Amino acid sequence: MNELSMKSVTYHYVRPWEQRFAFLRHLNVDDFKAQLDFFESGYDLVDQRAFENALQSNTPPERGILLTFDDGFKDHFLYVASELEQRSAWALFFVPASPYRTGKLLAVHRIHLLLATGSHGSLLARIREIADVEQGLDVSQEDAGQSAYRQTEQTDEVKVKRLLNYQLQPQVRDNILDRLMVTQFGDEAQLCREFYATLDELRDIAARGFSIGAHSVSHRVLAALTPDEQRAEIEGGYDFLREAGLAQSLRTFAYPYGLPDTYDNTTLELLKDAGTHSAFTVEQRDTETDDILEGALEMPRFDCNSFAHGKVRSLPAGLDPS
Ligand SMILES: [Zn+2]
């Protein structure tokens, strides 16, 4: 890694371990604090002025660390914003719209929570059982998703994710998730309010000087959508922020998933049309001058696990989700 250029860092769940979501993969809040100590000892945390200067001058701040938090979790209100405030640090928070409109979790988070609460083997069996009844298994998709999980051991968890993310028809997948969520958690709207920061909490985060950016409406792979659907996802993400009183002077965006094949040239054009000031991927490398010169629409970001203290902790002794 080049010590002289800026590094942007992505965080998702930042929380203490809790029994209720025993198997949820998260960054422990104490490790998060230790990682901030590590950054503060060797780098400069980038604040809003430094970030805006960087984009205006096409020069990423040397030894700069830009902190970003995806998905609008309650964690960011409960544990992150106050910790950053104490350190006078700044960050960008990227929030998807649909949980606030539908009272349902994003599919990706439903899958995380279902896997977090019980045996992966019985979850897999239950999904297969419902899929069988609904005849939702698309046999032409039997090998789908193989490459995404090529490097991983074929555990029940991987099988659950392959089924839900690749092999089931989307409508059937959503029906299955609807049913599993009701059985497991009851009132999903209530769970939404516990799982994501509420609108008031997001306004509080913004009022404390942090920046809120768009993260699409429903967190789908944009490259898989028609241009009209992509436009609705992008503009809808910004409309949501405006209607919630969260619109910022800077229009920032984080791609759902964010790997290079999850967006395309249409996405880039639509983001430009929507007045996007900078957009963030999850390509793990330093931010170079060229990234800004080329419109700042493909700003790379490291995962927090690339740095000291950023790894997920092992489960408490005796816990096993298999
Ligand atoms: Zn996301």
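Residues numbered from 1 in each chain as written. Predicted model: local features only at pLDDT ≥ 70, side-chain atom pairs only at ≥ 80, totals over all residues. Heavy atoms only, no water.

With respect to the overall build of the protein
Move 1: Of the regular secondary structure elements, the protein holds 13 helices and 10 strands.
Move 2: Computed over C-alpha atoms, the radius of gyration of the protein comes to 20 Å, within 12% of the 20 Å expected from 2.2 N^0.38 for 322 residues, which places it in the range of a compact globule.
Move 3: For the C-alpha atoms alone, the extent of the protein along its principal axes is close to 60 × 50 × 40 Å.
Move 4: Counting across all 322 residues of the protein, residues that qualify as buried make up 49%.
Move 5: Of the accessible surface of the protein, which amounts to about 14,800 Å², a share of 47% is contributed by carbon and sulfur atoms.
Move 6: Charge-centre separation for the protein: the mean point of 32 positive side chains lies 4 Å from the mean point of 51 negative side chains. (Helix = DSSP H or I, 4+ residues; strand = E, 2+ residues; numbered from the N terminus. Rg over C-alpha atoms; globule rule 2.2 N^0.38 Å. Buried < 20%, exposed > 50% of the residue type's maximum accessible area, 1.4 Å probe, protein only. Areas by Shrake-Rupley, 256 points an atom, 1.4 Å probe, with all protein chains shown as cover. Lys, Arg positive; Asp, Glu negative; His and termini not counted. Charge placed at Lys NZ, Arg CZ, Asp CG, Glu CD.)

Here's the deal with the packing of aromatic side chains
By convention here, two paired aromatic rings are described through the distance between centres and the angle between planes.
Move 1: Scanning the entire structure with this criterion turns up 24 aromatic pairs.
Move 2: Ring centres of Phe39 and Tyr43 lie 6.0 Å apart, and the angle between their planes is 80 degrees; on these two criteria the pair is classed as edge-to-face. We note that Phe39, like Tyr43, is buried.
Move 3: Relative to Phe210, the ring of Phe93 has its centre 5.6 Å away and its plane inclined at 80 degrees; by these criteria the two rings are edge-to-face. Pair noted here: Phe93 is in strand E6 (residues 91–95) and Phe210 is in the loop between helix H10 (199–207) and strand E7 (211–214), with a separation of 117 residues, a long-range link. (Phe/Tyr/Trp six-rings, centres within 6.5 Å; stacked < 30°, edge-to-face > 60°.)

Describing the side chain of Ser211
Move 1: Mapped onto the elements of the fold, Ser211 is located in strand E7.
Move 2: Polar side-chain contacts of Ser211 include one of 3.5 Å to the side chain of Gln248. (Polar contact = N/O pair within 3.5 Å; in protein donor to acceptor, adjacent residues only side chain to side chain.)

Quick look at the nonpolar core
Move 1: With 61 residues, the main nonpolar core has Tyr11, Phe51 and Leu84 as its most contacted residues.
Move 2: Of the residues forming this core, the biggest block, 5 residues, is contributed by E6.
Move 3: In terms of nonpolar packing, the next biggest core, distinct from the first, is built from 31 residues, Leu113, Leu123, Val172 and Cys192 among them. (Core = buried A, V, L, I, M, F, W, Y, C linked by side-chain atoms within 4.5 Å.)

Structural notes on helix H9 (residues 188–195)
Move 1: Turning to H9, its buried residues are Glu188, Leu191, Cys192 and Phe195. Buried residues of H9 fall within an arc of 105 degrees about the axis and therefore sit on the same side.
Move 2: Where H9 is buried, its residues contact strand E2 (14–15), helix H3 (74–86), helix H4 (98–102), helix H5 (107–117) and helix H8 (170–185).
Move 3: Where H9 begins, the side chain of Asp187 points an oxygen toward the backbone nitrogen of Ala189, at a separation of 3.0 Å. (Arc of directions from axis to C-beta. Contact = heavy atoms within 4.5 Å.)

A word on the domain arrangement of the protein
Move 1: The domain architecture assigned to the protein consists of domain 1 (7–103 + 196–306) and domain 2 (107–191).
Move 2: Distance from the C-alpha centre of domain 1 to the C-alpha centre of domain 2: 27 Å.
Move 3: Counting from both sides, the interface comprises 13 residues of domain 1 and, opposite them, 14 residues of domain 2.
Move 4: In total, about 1,000 Å² of surface goes out of reach between domain 1 and domain 2, with carbon and sulfur atoms giving 57% of it.
Move 5: Of all residues in domain 1, the largest losses of buried area upon contact with domain 2 belong to Phe21, Phe23 and Gly103, amounting jointly to 39% of the total for that side.
Move 6: Connecting domain 1 to domain 2 are 1 salt bridge.
Move 7: Across the salt bridge formed by Arg25 and Glu157, the nearest N and O atoms sit 2.9 Å from each other. (Domains from an automatic or database assignment. Buried area = accessible area lost by both parts, 1.4 Å probe. Salt bridge = Lys/Arg side-chain N within 4 Å of Asp/Glu carboxyl O.)

What about the coordination of the zinc ion?
Move 1: At the metal site, the zinc ion is ligated by Asp71 (OD), His215 (NE2) and His219 (NE2), and these contacts range over 2.1 Å.
Move 2: Here the donor residues for the zinc ion map to a single chain with the spacing D-x143-H-x3-H. With Asp71 in the loop between strand E5 (64–70) and H3 and His215 in the loop between E7 and helix H11 (227–243), this residue pair connects regions lying 144 residues apart in the sequence. The exposure classification of Asp71 matches that of His215, with both residues buried. (Donors = N, O, S within 2.8 Å, 3.2 Å for Na, K, Ca; no water.)

Here's the deal with the environment of Ala254
Move 1: In this structure, Ala254 sits in strand E8 (residues 252–254).
Move 2: It is 34 Å that separates the C-alpha atoms of Ala254 and Ala125, two residues lying 129 residues apart in sequence.
Move 3: Filtering out sequence-adjacent residues up to four positions away, Ala254 remains in contact with Asp70, Phe94, Ala214, His215, Phe280 and Arg301.

Description of the packing of helix H1 (residues 29–42) against H3
Move 1: In contact at an axis separation of 11 Å, H1 and H3 are set at 25 degrees when each is read in the N-to-C sense. The orientation of H1 with respect to H3, classified from their angle, is roughly parallel. Between H1 and H3 lies a crossing whose hand is right-handed. For the pair H1 and H3, contact is made by Val29, Phe32, Lys33 and Leu36 and by Tyr79, Val80, Glu83 and Leu84, respectively.
Move 2: When the residues that make up the contact of H1 with H3 are grouped by side-chain class, the tally is 6 nonpolar, no polar and 2 charged. (Axes fitted to C-alpha atoms, helices over the stretch in contact; angles between N-to-C directions. Parallel < 35°, antiparallel > 145°, perpendicular 65-115°, else oblique. Left-handed = near helix turned anticlockwise from the far one by under 90°. Nonpolar A, V, L, I, M, F, W, Y, C, P; charged D, E, K, R; others polar.)

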